[in-house]
Each structure stands twice: as structure tokens, then as C-alpha cells.
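Working through the structure, step by step
Take a look at the letters that make up each chain.
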Amino acid sequence: MKNIKYIFTIAIMAIFAVACTNEDEVFESNKTKDSINQKTSTLRTYASYEEINCTDEVLQENLDLFNSSINGNGIMPSFDAKMALLVMETHFNYGIVVKIPRIKDAIEYDKMNFTFTVRISNNIIEGQDIKDAYSNFVANVVANMEGRNYELSDMYVEDISTDYIKFGLDMGPSTNKDLPDQSTPAVSIVKSIGDPISVPSSVYSEWTNMPEIDLLNQYGTFENIVHKYSFKWLRLNTSPGKQYVYVQQRSDYAGNAFEFITAQSGDPVVWNNNDLNNTLIPAAISTAQNACSGYWSQFGYVLINYDPRVRKTPDYYVEQPIPHTTDMYKLRVARITCALLREVNLYDMHMAAITNSGF
């Protein structure tokens with residue numbers, strides 16, 4: 001870990017030196033630019049299905065009908081596509097995700113993706129079709145999530161035709177964040193700007209050997225240390241009754257949080273806990289929070305998860321003060337997940353054979 005402080009000092013000066021270069025042009029030629037100010041809408045083709053205007057009472061009524069039927073009590077009603085999406089996402093997150101005990105040393109992951117397809121006609125999904133499709137979907141998720149912790153997830157419409165609609169669900173990232181009390185149900189959300197960061201002195205993040213960009217990893221390598229220490233826990237009310245929870249989730253790209261270049265190509269880049277506490281994690285949180293606020297603050301959205309990544313560009317040519325090559329690193333927030341607060345009753349929501357009602 002030699003020369004760490006020296007490299008950091010060089011980086012602070014170099015950020016300003018390269019701010020106007022065009023090193024992103026090749027990579028970004030067919031993509032949205034980094035600046036969040038250039039984005040005016042979500043990247044999703046069918047994002048309009050995530051925009052639904054209904055009261056909490058209407059949502060609760062539909063959730064109760066869905067929950068009762070999925071657990072064998074009553075006939076599943078038909079839903080239009082927007083309500084189906086809202087009800088399934090909310091039921092999945094609060095009937096399954098928050099009611100499955102967390103694993104202490106779980107397998108960490110940056111993203112899990114699941115899809116399922118169901119018949120649709122004139123924007124209506126028949127009750128039995130949605131019941132069968134959702135039940136099979138949940139069984140598939142549970143089979144693939146063995147050994148992993150569940151996270152509040154974002155569901156969306158991935159594709160739609162006159163006869164079928166394809167739903168997608170993105171879960172994660174997930175790192176092993178410490179729970180103060182494993183017996184008390186809680187959800188984790190990204191810390192607010194200015195919240196204390198508590199990375200222990202024994203923890204460091206090495207960027208030197210992170211892989212270069214490829215087509216499968218365009219935004220860079222998942223930065224699990226930055227992610228792990230960016231969260232705080234919010235306890236859930238364990239008694240019957242309504243409470244505020246996060247529904248109607250939306251995901252999007254946020255942008256660059258931190259740029260760094262080494263003095264010479266091949267120099268080690270290892271960040272200690274002071275760097276993580278005071279520079280890297282606050283920069284990532286700030287970028288993610290500002291992006292969420294910039295997109296959806298007027299609707300009351302809250303940042304609940306995000307995906308920090310390190311993009312390495314080796315042998316980057318610099319002309320000043322003398323021509324030489326360096327290594328450039330960017331800490332990017334590749335994806336944010338924001339959710340809208342709604343007041344509903346979670347107590348009875350469950351999935352038979354997987355979770356129970358109550359807490």
C-alpha cells in the first residue's frame with residue numbers, strides 16, 4: 001500500500017486537468033452521456049407502466065384481493081397491466097423479501113434478474129393467468145436465490161405485444177450489511193448526504209487489479225466495499241396496522257461520482273478507511289441521492305439501493321507536465337433504485353410455503 005497518499009494528492013490535481021478531455025467518446029458513442037443533466041426520462045422502453053395514480057386505499061384493496069387469492073382464499077381478480085405491476089411488486093417485496101430471514105454470511109451479488117411472461121388482452125390480465133404466472137415466477141426466484149439475501153426489488157414491463165406481456169424484476173446489489181438486531185424486521189436504504197460513514201480501520205479497497213472494460217461489464221466492476229458501508233437500517237412496525245413502505249420502484253443510471261489518475265501507469269491504487277469514509281463513499285452517495293432527487297423528488301421518491309462501479313482505463317495518455325501514461329479510474333453509479341412512500345398494511349401479506357403472515 002505504498003505511495004497511497006501521494007497518489008491521492010496527484011489525483012485531486014489531475015481531475016481538473018482531464019475534465020475537458022474526450023476520453024469517454026469511444027465508449028459512450030452509442031450510449032447516453034455521463035451527465036445526468038442530459039437525461040430527461042428513464043431508459044426503459046415501457047416506463048409508463050410504472051406510472052400509476054391511485055390512492056393508498058385502492059392499492060390496499062387490490063393488495064388484499066391479490067394476497068388472499070395467491071394463498072388459496074378466493075378467486076384472483078383480473079388486473080390491468082399497471083395495477084398488476086404495482087400489486088405484484090409490492091406483494092413480492094413485503095410478502096416475501098422482508099419476511100425471509102437474512103443470512104449472516106450470504107453470497108454477495110451485484111444484480112439478479114428474473115423475467116416471466118403472461119397473456120394479456122386489451123391491457124387486461126385474467127386473474128387465473130396472473131395467479132399461475134406469479135406463483136411459478138416466485139418459485140423460480142426462490143430456487144435461484146439459495147444462499148443469497150433478498151433485497152427490495154424493482155419490477156417493470158420488459159416487453160409487451162397484443163397477446164403477451166413480459167415482466168422483469170431486478171434485485172440487488174446485495175452485500176453483507178450488518179444488522180443491529182437480526183430478530184427485528186428492517187429494510188436497508190442508502191444513507192442520506194452527510195450521514196456518518198463507519199468503515200473500520202481494517203477495511204480497505206484495492207482498485208489496481210480490477211478488470212478493464214468489456215462488453216459484458218461496460219460500466220465497470222462492482223465496488224462492494226463502497227456499497228456495503230453506504231446503508232442504514234429502518235425498522236418495520238411488527239404489529240398489525242398501516243405503515244409507510246417503499247413501493248412503485250424506479251431504476252435509472254446516475255453518473256460519475258469520482259475520477260482518479262495515477263502518477264504513472266501501474267501505480268498501486270488502494271484506498272484505506274479514511275479515504276472511504278471521507279471521500280469515496282460520500283461522493284457515491286451524493287451522486288446517487290442527487291440523481292434520485294433530480295428525477296423524482298417532486299413525486300416523493302426515496303433512494304433505497306444503488307450500484308457503484310469502478311471503471312479502469314489503463315495507459316491513459318497525459319501531456320502535462322510532461323507526456324506520460326497513467327491509469328485512469330472512475331467510480332460510477334451505474335444504477336439507482338428509488339421508491340415512492342405509500343401507507344399500507346403489510347401484516348397479512350405472505351406467500352404460503354415460503355413466508356408466513358405477521359412478522
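Use the structure listed above.
Now for a description of the structure that goes with this document.

Quick notes on the rules
Each chain has its residues counted from 1, following the order in which its sequence is written. In keeping with the predicted nature of the model, local features appear solely for residues at pLDDT of at least 70, side-chain atom pairs appear and are counted solely at 80 or more, and the whole-chain, interface and lining totals rest on all residues. Side-chain calculation: all heavy atoms of the structure are included, whereas hydrogens and water are not. Helix and strand assignments follow DSSP, with helices taken as H or I runs no shorter than four residues and strands as E runs no shorter than two, numbered in order from the N terminus. Each residue is assigned to one of three classes by its accessible area relative to the maximum for its type, calculated with a 1.4 Å probe on protein chains only: buried under 20%, partly exposed between the two thresholds, exposed over 50%. Any pair of residues with heavy atoms lying within 4.5 Å of one another is described as a contacting pair. Surface accessibility in these figures is a Shrake-Rupley result with a 1.4 Å probe; residues are shielded only by whichever protein chains are displayed. By the convention used here, strands pair only if DSSP detects at least 2 bridges between them. Each Phe, Tyr or Trp ring, with Trp reduced to its six-membered ring, pairs with another whose centre is within 6.5 Å; inter-plane angles below 30 degrees give stacked pairs, above 60 give edge-to-face pairs, and intermediate values give tilted ones. Lines fitted to C-alpha atoms define the axes, with helix axes restricted to the stretch in contact, and inter-axis angles between N-to-C directions lie between 0 and 180 degrees. Nitrogen and oxygen atoms within 3.5 Å of one another constitute a polar contact, given that in protein one can donate a hydrogen and the other can accept it, and given that sequence-neighbouring residues count only through two side-chain atoms.

**Points about the overall build of the protein chain**
When you go through the protein chain residue by residue, the secondary structure sums to seven helices and 14 strands. The buried share of the protein chain, taken over its 359 residues, is 54%. Across the protein chain, every contact between residues at least 6 apart in sequence was considered, and the portion connecting residues at least 24 apart equals 83%. Accessible surface, the protein chain: about 16500 Å² in total, of which carbon and sulfur atoms supply 50%.

**Thoughts on the pairing of strand S11 (residues 255–261)**
Most of S11 sits inside the fold, with six of its seven residues counted as buried. Where S11 and strand S14 (residues 324–345) come together, six bridges link them in antiparallel fashion. By the bridge assignment, asparagine 256 is partnered in S14 with arginine 332.

**Some points on the packing of aromatic side chains**
Within this structure, the stated rule accounts for 14 aromatic pairs. Relative to tryptophan 271, the ring of phenylalanine 258 lies with its centre 5.8 Å away and its plane at 85°, an arrangement referred to as edge-to-face. Of this pair, phenylalanine 258 sits in strand S11 while tryptophan 271 sits in strand S12 (residues 270–271), and the two are 13 residues apart along the sequence. Residue classification places tryptophan 271 among the buried residues on the basis of a relative accessible area of 2%. Among the aromatic residues, those joined into a cluster by ring pairs are Phe66, Phe79, Phe92, Phe116, Tyr134, Phe137 and Phe167.

**What to know about the sheet that holds strand S2 (residues 112–119)**
Read from one edge to the other, the open sheet built from three strands follows the order S2-S5-S4, with strand pairing classed as antiparallel. This sheet does not close on itself; its edge strands, each paired only once, are S2 and strand S4 (154–160). In this sheet, neighbouring strand axes are inclined to one another by 25° on average, regardless of whether the strands run parallel or antiparallel. For S4 and strand S5 (residues 164–171), the ladder comprises six bridges, and the chain directions are antiparallel. Looking at the pairing, aspartate 154 lines up with aspartate 170 of S5. Strands S2, S4 and S5 of the sheet are contacted by helix H4 (residues 81–96), whose axis makes an angle of about 145° with S4. In this fold helix H5 (residues 127–144) packs onto S2, S4 and S5, with an angle of close to 160° to the strand it touches most, S2.

**With respect to the side chain of aspartate 170**
Of note, aspartate 170 is situated in strand S5. A distance of 2.7 Å separates a polar atom in the side chain of aspartate 170 from a polar atom in the side chain of asparagine 113. Excluding residues within four positions of it along the chain, aspartate 170 makes contact with Arg44, Lys111, Met112, Asn113, Ser153, Asp154, Tyr156 and Arg335.

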